[in-house]
Amino acid sequence: MIAPLALSLGLSGCAGKLSILDPAGPAAQSTATLWWVMLSGASAILALVLALVAFAFLKPGWGQDIPPKRWLVWGGLAFPGVVLTALLVFALATGERLLAHPGAPGLVRVEARPYQWRWEFRYPGREGATETVLHVPANQPIDVAVIGTDVIHAFWVPRLGGKIDAIPGHVNVIRLQADRPGTYGGVCAEFCGTGHAEMSFSVIAHPPESFEAALDQALAAAPAPSLSQEPAP
């Protein structure tokens, strides 16, 4: 009775708008799968170690006929080596699928520009920008070009994908996709100064048929950026 209650309480902390374990897109789903696989591998190693410790206490003298070198080679090198190699291969294969490869159908590209301490989002072929809210169509791949400005920041929408750094003088691209309309939380994941904790934003995924109208309305309502806010050429 206690164990299921503790498990349910623990898993309740894995929900929320910034939870990587509540994915809402293919990239985030791959990240969550990788997390569960790595947790399973770590649990397998922990279970084996605890089992050996239990045997040592419950059956004193157990394993004395096995040479120490064999314990070190098979238990200390071979077993963790096989498990960690498998996890590494799986992680590399999963990470490859998260890259923004060209040629995705229906691809939309937006720009994310971080400043101390706010986010500005610009859209292809559109004048103006939105602040703290990124508007995207649901169920379509989105390439976010994260353009570095003043200091190092990091763009992260946990329920939609991984994070990527915003480095001054560089443009890094990450591909996201929201499987369904909704609002998803985003944060700056790199300490960037005294206002870092407040540097959050939202991603609103609109139904594809209403995305253009929603974006027009958001851009019309957005205040014009001041000259001091314009990115340097």
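Residues numbered from 1 in each chain as written. Predicted model: local features only at pLDDT ≥ 70, side-chain atom pairs only at ≥ 80, totals over all residues. Heavy atoms only, no water.

Draft legend 1. A look at empty space enclosed by the protein. In this structure the tally under the stated criterion is 1 cavity of 30 Å³ or more. Forming the walls of the largest cavity are L134, V136, I142, V144, L160, L176, Q177, A178 and V203. Counting residues per element, the ones that place at least two in the lining of the largest cavity are strand 4 (133-137) and strand 5 (142-147). The class makeup of the residues in the lining of the largest cavity is 8 nonpolar, 1 polar and no charged. (1 Å grid on protein atoms, 1.4 Å probe; cavity = no way out; pocket = protein on both sides within 12 Å on 5 of 7 lines; lining within 4 Å. Points joined across faces, edges and corners; volume = space filled by probe spheres on them. Helix = DSSP H or I, 4+ residues; strand = E, 2+ residues; numbered from the N terminus. Nonpolar A, V, L, I, M, F, W, Y, C, P; charged D, E, K, R; others polar.)

Draft legend 2. Focus on the sheet that holds strand 6 (residues 153-156). Strand order in this open sheet of 5 strands is 4-10-9-6-7, and the pairing throughout is mixed. The open sheet has two edge strands with one neighbour each: strand 4 and strand 7 (163-166). In this sheet, adjacent strand axes meet at a mean angle of 25° when their direction is disregarded. With respect to the sheet, helix 4 (residues 208-221) is in contact with strand 4 and strand 10 (200-206), its orientation differing from that of strand 4 by roughly 155°. (Pairing = 2+ DSSP bridges. Axes fitted to C-alpha atoms, helices over the stretch in contact; angles between N-to-C directions. Contact = heavy atoms within 4.5 Å.)

Draft legend 3. Layout of the packing of aromatic side chains. Using the criterion set out here, one finds 6 aromatic pairs in the structure. A centroid spacing of 4.8 Å and a plane angle of 90° characterise the contact between W35 and W36, whose relative ring orientation is edge-to-face. Exposure remark for W35: the relative accessible area of 35% places this residue in the partly exposed category. Between W119 and F155, the ring centres sit 5.6 Å apart and the planes meet at 75°, which makes this aromatic pair edge-to-face. Here F155 lies in strand 6 and W119 lies in strand 2 (residues 118-122), a separation of 36 residues in the sequence. For W119, a relative accessible area of 0% puts it in the buried group. Assessed through its relative accessible area of 0%, F155 is described here as buried. One aromatic cluster is present, formed by W119, F121, F155 and F201 through successive ring pairs. Sitting over the face of the ring of W156, K163 holds its NZ or CZ atom 4.9 Å from the ring centroid. (Phe/Tyr/Trp six-rings, centres within 6.5 Å; stacked < 30°, edge-to-face > 60°. Buried < 20%, exposed > 50% of the residue type's maximum accessible area, 1.4 Å probe, protein only. Lys NZ or Arg CZ within 6 Å of the ring centre and 35° of its normal.)

Draft legend 4. Just the pairing of strand 5, in detail. Counting buried positions along strand 5 yields 6 of 6 residues, so the element is predominantly enclosed. Both faces of strand 5 are covered, namely the face carrying I142, V144 and V146 and the face carrying D143, A145 and I147. Judged from the 5 bridges that link them, strand 1 (residues 108-115) and strand 5 form a sheet pairing that is parallel. The residue of strand 5 that forms the bridge with R109 is D143. Where strand 5 and strand 8 (residues 171-176) come together, 6 bridges link them in antiparallel fashion.

Draft legend 5. A look at the sheet that holds strand 3 (residues 130-131). Taken in spatial order, the 5 strands of this open sheet run 3-2-1-5-8, and their pairing is mixed. Of all strands in the sheet, those with a lone pairing partner are strand 3 and strand 8, marking the two edges.

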